[in-house]
Amino acid sequence: MSLDITQIRSQFPSLDRPAIFFDNPGGTQIARQSAGRIQRYFMECNANHEGAFETSRRSDEILNEAHAAMADFLNAARPEEIVFGNNMTTLTLHLSRSLARTLSPGDEIVVTRLDHDANISPWLLVAEDRGCKVTWIDFDVEDCTLKLDDFEKALARKPKIVAFGYASNAVGTVNPVRKITEMAHASGALVYVDAVQYAPHGPIDVQSLGVDFLVCSSYKFFGPHAGILYGRYDLLDELKAYKVRPAPDSLPGKWETGTQNHEGIAGVLGALEYFEWLGKTFGGEQEEGLRERGYRGRRLELKKASTAIRAHEFEVSRLLLATLTGIPGLRLYGLADPRRLDERVPTFSFTLAGKHPRLVAEALAAENIYVWDGNYYALAVTERLGVEAVGGMVRVGAAHYNTSDEIERLGEVLKKIAG
Ligand SMILES: Cc1ncc(COP(=O)(O)O)c(C=O)c1O
């Protein structure tokens, strides 16, 4: 494996517990740099926005720096394109309300069955409010990849918004975001991408993808509970935001309604400082290629980190896949071809013959192995796979800090549970 996992793990204080965290798609452990930023925020500059005094000035400096760092992480053109909020769901409900104003009865919105419900229900609500038609894109139940033919048919009807995910939080599929975005743009639609599940696993470049909006959540990438919305400057500027009168009309303030979770935003900056450390420490191999693509400074370090994580996680996926497919009675959902690991992240869902997913999760928990069971709000996925009525699936989701020993231990315990 290409990362020094012992050194990586030393950056995560909570990994000292005698637990194996495979619950990462539900939330990762926090990096030391992030927890440190949160604590320092409270000790050194806890204040409200835009005051005339020192703590407020220092607080604003941190908030501005967090916008700049997040713009660097996503390669956004400018920090004003970064909007912080409670979480991805709340930001999506917020922005979708503004986009709804631009729609007319009969307009079409495209959603997919592979998405988390946070990138489905907000659009269903928009459709209900505005009398729009919703088109669902299906996925192939064999490998859980989106049906691009469905997109083509849906796009021929010139929808106004196309909402889809970067990676599935249920079955790990990575979608061809650039390709779908190009197709959607060619038909005149706006593109809204849920990158919550992808952000901890690989590099994101909103400019090269060409997306209009992209959302993620820092508690899934080693930071605290805070959501992030990227929006193209002209769109965020033109759209009417639902906000109170004294709040600014400029970006990003017009979208950051109410007093923000300042300590959380400081924590996002800390999480990105962790990535920067990782990039500087382990990203050497990636540097030349990324420089050629024009990344410099912090943008380069952050891309080195995410690219190194992605490369490392191919090996993690390979090991997990081999381990899980060796368990008697285990039915894996999603991509299981070891030659197609570049189409997935190390998030694997399965059922065990004759065992309810909750009982499997409990039996693993009894051995200090933490996994999720159920639908993890990817309701359309579990419904389409026909497992919703039987307790969903067990989900094992690795992060780059998981070790091969942990995967081996998971295999041993699962074999015992499977009988
Ligand atoms: C793919 C995906 N999208 C959206 C969400 C919702 O994110 P949040 O909890 O920040 O609202 C999640 C959370 O599990 C997710 O995994």
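All values derive from a computational prediction rather than experimental measurement.

1. Focus: the site of the ligand
At step 1: All residues adjacent to the ligand are Asn 87, Met 88, Thr 89, His 116, Ala 118, Asn 169, Asp 194, Val 196, Gln 197, Ser 217, Tyr 219 and Lys 220.
At step 2: In this structure, an oxygen atom belonging to the ligand sits 3.5 Å away from a side-chain N or O atom of Asn 169.
At step 3: The separation between an oxygen atom of the ligand and a polar side-chain atom of Tyr 219 is 2.4 Å.
At step 4: Here the ligand, which alone exposes 390 Å², has 90% of that area covered by the protein.

2. As for the packing of helix α3 (residues 54-74) against helix α12 (residues 297-325)
At step 1: Interaxial distance between α3 and α12 falls to 8 Å at its minimum, and their mutual angle equals 55 degrees. Considered as vectors, α3 and α12 are oriented oblique to each other. Crossing hand, α3 versus α12: right-handed. Mapping the contact onto sequence places Glu 65, Ala 68, Ala 69, Ala 71, Asp 72, Phe 73 and Leu 74 in α3 and Arg 298, Arg 299, Leu 302, Lys 303 and Ser 306 in α12.
At step 2: A breakdown of the residues in the contact of α3 with α12 according to their chemical character gives six nonpolar, one polar and five charged.

3. A short note on the sheet that holds strand β13 (residues 393-397)
At step 1: An order of β9-β10-β13-β12 is seen for the four strands of this open sheet, with the pairing classed as antiparallel. Two strands in the sheet have a free side with no partner beyond their single neighbour: β9 (330-333) and β12 (372-374). The mean inter-strand angle of the sheet, taken between neighbouring strand axes irrespective of direction, is 30 degrees.
At step 2: Two elements, β12 and β13, share three bridges in a ladder whose sense is antiparallel. Residue pairing for β13: Gly 374 is matched across the bridge by Met 393.
At step 3: Along the sheet, helix α15 (residues 404-418) makes contact with β9, β10 (347-352) and β13, crossing β10 at roughly 20 degrees.

4. Some points on the nonpolar core
At step 1: Grouped together as the largest cluster of nonpolar side chains are 82 residues, with contacts concentrated most on Met 70, Phe 151, Tyr 166, Ile 204, Leu 214, Phe 221 and Phe 275.
At step 2: Among the elements that line this core, the one with the most residues is helix α10 (residues 262-282), at 10 residues.
At step 3: Core analysis: the next-biggest nonpolar cluster, separate from the first, contains 29 residues, Val 111, Ala 118, Ala 127 and Leu 229 among them.

5. Looking at the pairing of strand β3 (residues 108-112)
At step 1: Across the five residues that make up β3, a large majority, five, are buried.
At step 2: A two-sided burial pattern is seen for β3, the buried positions comprising Glu 108, Val 110 and Thr 112 on one face and Ile 109 and Val 111 on the other.
At step 3: By the bridge criterion, five bridges tie β3 to strand β4 (residues 133-137) in an arrangement that is parallel. Each bridged residue has a counterpart across the sheet, and for Ile 109 the counterpart in β4 is Val 134.
At step 4: What joins β3 to β4 is helix α5 (residues 121-130), and the crossover it makes is right-handed.
At step 5: Sheet topology note: the β3/strand β5 (residues 161-165) ladder contains two bridges and is parallel.

6. So, the packing of aromatic side chains
At step 1: Tallying each qualifying case throughout the model produces 18 aromatic pairs.
At step 2: When the centroid spacing of 6.1 Å and the interplanar angle of 75 degrees are considered together, the rings of Phe 151 and Phe 164 count as edge-to-face. A residue pair is termed long-range when its members are at least 10 positions apart, and Phe 151 in helix α6 (residues 148-156) and Phe 164 in strand β5 qualify at 13 residues.
At step 3: An angle of 65 degrees between the planes, with centres 6.0 Å apart, marks the rings of Tyr 274 and Phe 275 as edge-to-face. Each member of the pair, Tyr 274 as well as Phe 275, carries the same accessibility label: buried.
At step 4: Ring-pair connections join several aromatic residues into one group, and the members of that group are Phe 12, Phe 73, Phe 221, Phe 222, Tyr 274, Phe 275, Trp 277, Phe 282 and Tyr 401.

7. Section: the pairing of β10
In summary, the side chains of a regular strand alternate between the two faces of the sheet.
At step 1: Of all six residues that make up β10, six are buried, and the element is covered over most of its length.
At step 2: In β10, alternate side chains face the same way, and those of Thr 347, Ser 349 and Thr 351 on one face and Phe 348, Phe 350 and Leu 352 on the other are all buried.

8. As for the environment of Glu 408
At step 1: In this fold, Glu 408 is placed in helix α15.
At step 2: Along the sequence, Glu 408 and Gly 26 sit 382 residues apart, while their C-alpha atoms lie 22 Å from each other.

9. Examining the side chain of Asp 115
At step 1: Within the secondary structure layout, Asp 115 lies in the loop between β3 and α5.
At step 2: Buried charge Asp 115 goes without a salt bridge, the closest partner of opposite sign being Arg 113 at 11 Å.
At step 3: Among the polar contacts made by the side chain of Asp 115, one reaches the side chain of Asn 119 at a distance of 3.2 Å.
At step 4: For Asp 115, the side chain forms a polar contact with the main-chain nitrogen of Gly 165, separated by 3.1 Å.
At step 5: Once residues lying within four places of it in the same chain are set aside, the contact partners of Asp 115 are Ile 120, Ala 163, Phe 164, Gly 165, Asp 194 and Ala 378.

10. Regarding the side chain of Glu 313
At step 1: Structurally, Glu 313 is set in helix α12.
At step 2: Separated by 3.1 Å, the side chain of Glu 313 and the backbone nitrogen of His 400 make a polar contact.
At step 3: For Glu 313, the residues in contact, after removing those within four places along its chain, are Pro 200, His 201, Pro 346, Ala 399 and His 400.

11. Quick word on α15
At step 1: Counted at 1.5 Å a residue, the expected span for α15 with its 15 residues is 21 Å, and the 21 Å between its end C-alpha atoms agrees.
At step 2: The set of residues buried in α15 consists of Glu 406, Ile 407, Leu 410, Gly 411, Val 413, Leu 414 and Ile 417.
At step 3: One or two residues past the end of α15 sits Gly 419, with phi positive at roughly 80 degrees.

Definitions and cut-offs
Residues numbered from 1 in each chain as written. Predicted model: local features only at pLDDT ≥ 70, side-chain atom pairs only at ≥ 80, totals over all residues. Heavy atoms only, no water. Near = heavy atom within 4 Å. Polar contact = N/O pair within 3.5 Å; in protein donor to acceptor, adjacent residues only side chain to side chain. Areas by Shrake-Rupley, 256 points an atom, 1.4 Å probe, with all protein chains shown as cover. Axes fitted to C-alpha atoms, helices over the stretch in contact; angles between N-to-C directions. Helix = DSSP H or I, 4+ residues; strand = E, 2+ residues; numbered from the N terminus. Parallel < 35°, antiparallel > 145°, perpendicular 65-115°, else oblique. Left-handed = near helix turned anticlockwise from the far one by under 90°. Contact = heavy atoms within 4.5 Å. Nonpolar A, V, L, I, M, F, W, Y, C, P; charged D, E, K, R; others polar. Pairing = 2+ DSSP bridges. Core = buried A, V, L, I, M, F, W, Y, C linked by side-chain atoms within 4.5 Å. Buried < 20%, exposed > 50% of the residue type's maximum accessible area, 1.4 Å probe, protein only. Right-handed = clockwise from strand over helix to strand, strands pointing away. Phe/Tyr/Trp six-rings, centres within 6.5 Å; stacked < 30°, edge-to-face > 60°. Lys, Arg positive; Asp, Glu negative; His and termini not counted. Salt bridge = Lys/Arg side-chain N within 4 Å of Asp/Glu carboxyl O. Expected span 1.5 Å × (residues − 1).

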